[in-house]
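Secondary and tertiary structure notes
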Amino acid sequence: MPTGPQNQAEDRAAELLHWPGRKHCLLTLEEHLDHSSALARALWLATDADVDFKDPRDVAAIRNLASLVADHTSAAEYVLATRGRR
C-alpha cells in the first residue's frame, strides 16, 4: 500500500470524519456544504429560541442536529482534502 504524501493527507482527512463510514458514501463538496450551512442555520435558530430544553426529546433533537452539522462539515473537508485523488 502506498504511503506517499497524498495518501498520508487522505488518511489524516479520513481521521477527521465525524462518521468514518461517510468515506464510502460521499456527496459532492457543494452538496455537503449546502447541507452543512442549512443545518448550522437551523441549529443557530434552535439555540437562539426560547426553549428551556427540559424535555429530553428537545436535547436529543439538538444533539442530532449538531451531529449532522459535524458529519456534513467533516465530509466536505474530506472531499476538499482528497479532491483529485478519488
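Residue positions are given per chain, counting from 1 as you read along its sequence in written order. In keeping with the model being predicted, local features are shown solely for residues with a pLDDT of at least 70 and side-chain atom pairs are shown and tallied solely at 80 or more, while totals for entire chains, interfaces and linings include all residues. Based on all heavy atoms of the structure, the side-chain values leave hydrogens and waters out of the count.

What follows is about the packing of helix α2 (residues 29–48) against helix α3 (residues 56–81). Put simply, α2 and α3 touch, their axes get as near as 8 Å, and they point 150° apart. Classed by the angle they form, the pair α2 and α3 counts as roughly antiparallel. For the crossing formed where α2 meets α3, the hand is left-handed. Along the contact surface, α2 presents L29, H32, L33, H35, S36, L39, A40, A42, L43 and A46, while α3 presents I62, L65, A66, L68, V69, H72, T73, A75, A76, V79 and L80. To define axes, lines are fitted to C-alpha atoms, for helices over the stretch in contact only, and angles between the resulting N-to-C directions are given on a 0 to 180 degree scale. Segments assigned H or I by DSSP are reported as helices when at least four residues long, segments assigned E as strands when at least two residues long, and all are numbered from the N terminus. Note on terminology: angles under 35 degrees are roughly parallel, angles over 145 are roughly antiparallel, angles of 65 to 115 are roughly perpendicular, and the others are oblique. Crossing chirality is assigned from the near helix's rotation relative to the far helix, an anticlockwise turn below a right angle marking it left-handed and a clockwise turn marking it right-handed. We call two residues in contact whenever any of their non-hydrogen atoms come within 4.5 Å of each other.

When a carboxyl oxygen of Asp or Glu is within 4 Å of a side-chain nitrogen of Lys or Arg, the pair counts as a salt bridge. For the coordinates displayed, the defined rule picks out two salt bridges. Of the charged contacts, one joins R22 and D71 as a salt bridge, the two residues approaching to 2.6 Å between their closest N and O atoms. Pair noted here: R22 is in the loop between α1 (5–15) and α2 and D71 is in helix α3, with a separation of 49 residues, a long-range link. Note that D55 is salt-bridged to R57, the shortest N-O span being 2.6 Å. Only protein chains enter the calculation, and the probe is 1.4 Å; a residue is then buried if its accessible area is under 20% of its type maximum, exposed if over 50%, and partly exposed in between. D55 sits in the partly exposed class, given a relative accessible area of 23%.

With that settled, the discussion passes to α2. Here a helix's expected span is defined as the number of its residues, less one, multiplied by 1.5 Å. For α2, built from 20 residues, the straight-helix expectation of 28 Å at 1.5 Å per residue is met to within 8% by its first-to-last C-alpha distance of 28 Å. Of the positions making up α2, those classed as buried are L29, H32, S36, L39 and L43. For α2, the angular spread of buried residues about the axis comes to 110°, placing them on one side. For α2, exposure combined with an orientation more than 90 degrees from the buried face picks out D34, R41 and D48. Here the arc refers to the set of directions running from the helix axis out to each C-beta atom.

Function-wise, these values are silent; they only describe arrangement.
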